[in-house]
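Coordinates in review
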Amino acid sequence: MASVGEDERWERARRDASRLWHITLSVAGDAAPLTDVRRGLERLAHDHPFLLTSRYACDHAEIRYWEEARDLHDAAAVALRLWGEHRRTAQLPPWEIVGLEVIGRETYHQRIAEGYGPPPAVPVGVHPF
């Protein structure tokens, strides 16, 4: 039987361990040329290797990827910075974030198994809506 100290250390280690979070980031704004949007999203995918798929139109885009983080708060904070931090280097449109979904890996797979939520990101890459 583990002592109280061992139980506390185990619980702390479990909480501090990184987990995978499925991120869906939606952005929108004034219309931009489709070729510019596509190139920007392709550069973002190159800069952010965990990017699964991006869908885009001239005035909005959706980015889906996996993020490794300690908890939902950390994953959401990173996701909310993604567009702004890469906007200049990837030459992304000056759009604003209009939606964010962060779910754990288990929840993602449960939704897929039950037929809810978006299908797995196949094909991977940058695609028009």
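This text goes with the structure placed above it.
Residues numbered from 1 in each chain as written. Predicted model: local features only at pLDDT ≥ 70, side-chain atom pairs only at ≥ 80, totals over all residues. Heavy atoms only, no water.

What follows deals with the side chain of His86. Secondary-structure assignment places His86 in helix H3 (residues 72–87). Among the residues examined, His86 registers a relative accessible area of 17% and is labelled buried. Once residues within four sequence positions are removed from consideration, His86 is found in contact with Leu44, Asp47, Gln91 and Leu92. (Helix = DSSP H or I, 4+ residues; strand = E, 2+ residues; numbered from the N terminus. Buried < 20%, exposed > 50% of the residue type's maximum accessible area, 1.4 Å probe, protein only. Contact = heavy atoms within 4.5 Å.)

The subject of this paragraph is the sheet that holds strand E4 (residues 96–104). Reading across from one edge, E4-E1-E3-E2-E5 is the order of the 5 strands in this open sheet, with mixed pairing throughout. Each of the sheet's edge strands pairs with one partner strand only, and the pair in question is E4 and strand E5 (125–128). With strand direction ignored, the average angle separating the axes of adjacent strands in the sheet is 15°. In terms of strand pairing, strand E2 (residues 51–56) meets E5 through 4 bridges, oriented parallel. When the bridges of E5 are listed, Ser54 appears paired with Val126. The strands touched by helix H2 (residues 34–47) are E2, strand E3 (60–69) and E5; relative to E2, the strand with the most contacts, the crossing angle is about 170°. The strands that helix H4 (residues 105–114) touches are strand E1 (19–28), E3 and E4; relative to E4, the one it contacts most, it runs at about 90°. (Pairing = 2+ DSSP bridges. Axes fitted to C-alpha atoms, helices over the stretch in contact; angles between N-to-C directions.)

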